[in-house]
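Each chain, letter by letter, is given below.
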Amino acid sequence: VGEKTVKVKAENANYETAEAAVTLKVTPKAVTVTAKNKSKTYGEKDPELTATVSGTLDKDTVSYTLSRAEGENVGDYAITPAGAESQGNYTVSYVPGKLTISKAGAAGLNLSATGYEGVYDGNTHAASASASVTEGTTISYKVGDDGEWTTEAPSIKDVGEKTVKVKAENANYETASTTVTLKVTPKEVIVTAENKSKTYGEKDPELTAAVTGTLNDDTVS
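Residues numbered from 1 in each chain as written. Predicted model: local features only at pLDDT ≥ 70, side-chain atom pairs only at ≥ 80, totals over all residues. Heavy atoms only, no water.

A. Region of the structure containing unusual backbone geometry. Even without glycine at this site, Asp 58 takes up a positive phi of about 55 degrees. Within the fold, Asp 58 resides in the loop between β5 (51-54) and β6 (65-68). A relative accessible area of 81% places Asp 58 in the exposed class. Unlike most non-glycine residues, Asn 216 shows phi in positive territory, near 55 degrees. Following the sequence through the fold, Asn 216 ends up in the segment after β20 (209-212). Judged by its relative accessible area of 67%, Asn 216 falls in the exposed class. (Helix = DSSP H or I, 4+ residues; strand = E, 2+ residues; numbered from the N terminus. Buried < 20%, exposed > 50% of the residue type's maximum accessible area, 1.4 Å probe, protein only.)

Written out as structure tokens, the structure is:
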């Protein structure tokens with residue numbers, strides 16, 4: 001690349017000298033450096049950043065660097081090639097790419113949930129759940145197929161059974177889910193008729209019974 005002004009003359013003994021001027025000029029060839037798109041799963045190391053160079057001739061090369069926008073959460077991050085625009089015989093332009101970070105598998109959340117099963121004891125028993133990744137994780141519960149998702153853990157007190165669906169959501173992971181059961185079985189209660197007596201001809205005494213096994217102020221009929 002450059003420019004030269006060339007003077008030319010023709011000499012002949014029978015002629016006056018003839019002269020002229022011409023120009024030799026080479027302009028830069030366009031070269032494009034295009035960052036290649038890359039991808040990785042959340043938590044993995046970055047792949048090597050690379051680019052394609054188009055427009056150079058023979059074994060010519062151009063110089064450039066590659067960097068990406070900071071961040072490790074799921075999303076797209078710009079990969080930026082940079083370098084001098086003018087490089088010898090070439091004018092270089094740069095085209096960015098992107099690094100896509102995708103969600104890690106649900107197993108990475110390590111969701112653990114616990115239900116309850118026991119005999120009625122008059123107390124309330126709630127489901128519980130936890131995930132190994134706490135930052136940015138939301139744990140939700142739903143009772144049955146028709147229930148609404150809520151972050152409040154469902155509970156059970158009276159005899160019955162509930163199927164509880166549990167899920168852990170995090171922007172950097174696939175959703176983890178499991179199911180637990182809340183179940184209360186009946187407590188045994190005994191009604192024992194109390195022995196009575198009377199003298200012939202008297203009215204019957206009041207018939208009474210002793211109830212054992214109920215809790216708090218509970219009654220049976």
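B. Main features of the side chain of Lys 40. With respect to the element layout, Lys 40 can be found in strand β4 (residues 38-41). A distance of 2.7 Å separates the side chain of Lys 40 from the side chain of Glu 72, its partner in a polar contact. Once you skip the residues sitting within four places of it in the chain, Lys 40 turns out to touch Lys 45, Asp 46, Pro 47, Arg 68, Glu 72, Leu 99, Thr 100, Ile 101 and Ser 102. (Polar contact = N/O pair within 3.5 Å; in protein donor to acceptor, adjacent residues only side chain to side chain. Contact = heavy atoms within 4.5 Å.)

C. Seen up close, the sheet that holds strand β8 (residues 86-87). Strand order in the open sheet formed by four strands is β5-β3-β9-β8, and the pairing between neighbours is mixed. At either margin of the open sheet sits one strand with a lone partner, and together these are β5 and β8. Judged from the four bridges that link them, strand β3 (residues 29-35) and β5 form a sheet pairing that is antiparallel. By the bridge assignment, Thr 32 is partnered in β5 with Ser 54. (Pairing = 2+ DSSP bridges.)

D. Up close: the packing of aromatic side chains. Throughout the structure, instances matching the rule amount to one aromatic pair. Taken together, a centroid distance of 5.4 Å and an interplanar angle of 70 degrees make the contact between Tyr 42 and Tyr 173 edge-to-face. Separated by 131 residues along the polypeptide, Tyr 42 in the loop between β4 and β5 and Tyr 173 in strand β18 (residues 173-185) bring together distant segments of the chain. Residue Tyr 42 is classed as partly exposed on the basis of its relative accessible area of 26%. Residue classification places Tyr 173 among the buried positions, given a relative accessible area of 11%. For the cation-ring pair, Arg 68 lies above Tyr 77, with the distance from its terminal atom to the ring centre recorded as 5.3 Å. Directly above the ring of Trp 149 sits Lys 167, whose terminal nitrogen or CZ lies 4.3 Å from the centroid. (Phe/Tyr/Trp six-rings, centres within 6.5 Å; stacked < 30°, edge-to-face > 60°. Lys NZ or Arg CZ within 6 Å of the ring centre and 35° of its normal.)

E. Examining the nonpolar core more closely. Counting residues in hydrophobic clusters, the biggest one holds 17 residues, and the most contacted among them are Leu 109, Leu 111, Ile 139, Tyr 141, Val 164, Val 166 and Ala 168. Mapped onto this core, the elements with two or more residues apiece are β15 (138-143), β17 (160-170) and β18. Per-element tally for this core: the top contributor is β18, with five residues. The residues contacting Ala 168, other than those within four sequence positions of it, are Leu 109, Leu 111, Thr 137, Thr 138, Ile 139, Thr 175 and Ala 176. (Core = buried A, V, L, I, M, F, W, Y, C linked by side-chain atoms within 4.5 Å.)

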